[in-house]
Amino acid sequence: MLSQIRQKAVSARLLQRCMLNSGRTYVSRVVAHARFQPAKPSLSIQRASLSTTRTLRNAASEPSKLQILGSTYAADNWTNVTPTILDKTGRNLLHQPAHPLAILKELIFKEFPTFAHYDAITPDVSTYNNFDSLGFAQDHIGRSRSDTYYINENMLLRTHTSAHQLQLLKAGKKGDRSLLDHARNGSAAPMNERFLVAADVYRRDEIDASHYPVFHQMEGVCTFSRAEIQKIKAAASSPNSSTSSAAQVSDTTVISSENPKQPEHTDEEVAFLVEDMKQTMNNMVVQILTKAVAAKRTAGNADNTQTEFPVRWIDATFPFTSPSWEMEVLFQGEWLEICGCGIMKQKILSDAGMTDRVGWAFGFGLERLAMLLFGVPDIRLFWSTDPRFTDQFAPGQINTFKSFSRHPPCPKDVSFWLPQGGEFHENDLMDLIRDIAGDLAEGVKLVDEFTHPKTGKSSRCYRINYCSMDRNVTHEEINEIQERVRGQMVQRLGITLR
Ligand code: DAH
């Protein structure tokens, strides 16, 4: 909805990052969109986040220090992490064995027994690892402060698990145990040659049932030495494609100048890598969905009888792979975007000192699939500590969520004039509301906008839907929150209330 309205105002252009889909990958698509603002400090939000942050140590005496999971960082004029977000860094949903996201993580780990499994790498990563090491252009929209939570200019909350690609490839080469010791399992291959990383990732975003500023991803990296490829080819089998697949695959993509192979690779190598990657991904998804359906049958709650899972492959572009694709699966009548993937840019491998190796990689969002598998209707529920939610799940089981009483929503509108001559970023408004209302803010929608013909002033009206998942809220409580939101909007965002 918000994006539709935004689109009205702008002409089509090539976007380097698109998050219009709830799969939320850094995929390039041609869309009309005007979100990118060159990264530049917005003082208002920075002041607000620093003055309210509870995680600041001794905020009065040391106003410029931030603590994140035991590490201390100096704040600067890039800092835009908020207390609400910092609180999430310690929740560790992936380490709660009965949590749906952790159950899905384990299912995926099991599909990759020969890979090293990482699920405890903290989210504070360098801007270099998150963007530069992967070849993100300097003006890539993903780098902007309106899209990313910065700890300071050089550190941020990882926006994707790809942030650990170079780090892990390199760590193995250098024998750096500090990272490798995070691996959960021993692995047949060296821990840095084939690995999975499951982790929480952070992106500033709008508020609705399928978007939350923290979500979870699974990264997969699989590398081969060139000699290994020859050996496998001679044995005429692909190492990761042993299981027969129930996937009906639709793949009309071709490697062409639009989605090119890299000059460093031979046609033969690319063909091998692509086949291995696509078979591995097809198998993984089909296995997981088949298990999910079987588990539901056993539990007597087979709410669908789907036994085949058509898969389709679509060309994509990522800064760190070429060629690149997105994979979609037809699940319960809907094409579900499962992951982005591709042949790893050779520069990443050579930066890690792996000049003799080539590889493929994928990045997979966990929430969207977990919502479908477990029938969870609202992404906020994953963060609920209400036993009526948490007690419904058990390690290794795929139970269908049974909703408990939904409490009545309480919508409130706020209308205002945009700052004249100043900047207004919608994500600043989203964070401000999250900071004050927490998860009581169920959705925020732009419901009206116009420009006054005489004064040229622009007005917007947003509807904030307040609703609790676990209790009744009173009108007094919501009115009080709404007043604080309105007051803070004036102070922090420089708008004028109407
Ligand atoms: N990191 C990407 C994102 O969050 C997803 C992705 C795409 C990961 C392609 C990969 C990959 O490893 O090869 O949008």
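Residues numbered from 1 in each chain as written. Predicted model: local features only at pLDDT ≥ 70, side-chain atom pairs only at ≥ 80, totals over all residues. Heavy atoms only, no water.

## Some points on the pattern of salt bridges
- Enumeration according to the criterion identifies 25 salt bridges in this entry.
- Note that Arg158 and Asp200 form a salt bridge whose closest N and O atoms lie 2.6 Å from each other. Taken together, the residues Arg158 in the loop between strand E8 (155-157) and helix H6 (165-174) and Asp200 in strand E9 (residues 194-202) connect sequence positions 42 residues apart. Each of the two residues, Arg158 as well as Asp200, counts as buried.
- Asp428 is the salt-bridge partner of Arg204, the closest N and O atoms lying 2.7 Å from each other. Remark: Asp428 occurs in helix H13 (residues 426-437) and Arg204 occurs in the loop between E9 and strand E10 (214-225); sequence separation between them is 224 residues. (Salt bridge = Lys/Arg side-chain N within 4 Å of Asp/Glu carboxyl O. Helix = DSSP H or I, 4+ residues; strand = E, 2+ residues; numbered from the N terminus. Buried < 20%, exposed > 50% of the residue type's maximum accessible area, 1.4 Å probe, protein only.)

## Details of the confidence of the model for the chain
- Averaged over every residue, the pLDDT of the chain is 83; residues scoring 70 or more account for 83%.
- Here residues 1-22 is modelled with pLDDT under 50, and outside its nearest four sequence neighbours on either side it reaches 65 contacts, counting other chains as well. (pLDDT = per-residue confidence, 0-100. Contact = heavy atoms within 4.5 Å.)

## Things to note about the sheet that holds strand E6 (residues 124-126)
- One open sheet accounts for 3 strands, arranged E6-E8-E7; its pairing is antiparallel. Strands at the two margins of the open sheet, each flanked by one partner only, are E6 and strand E7 (150-152). When the angles between neighbouring strand axes are averaged without regard to direction, this sheet yields 35°.
- Where E7 and E8 come together, 2 bridges link them in antiparallel fashion. By the bridge assignment, Tyr150 is partnered in E8 with Leu156. (Pairing = 2+ DSSP bridges. Axes fitted to C-alpha atoms, helices over the stretch in contact; angles between N-to-C directions.)

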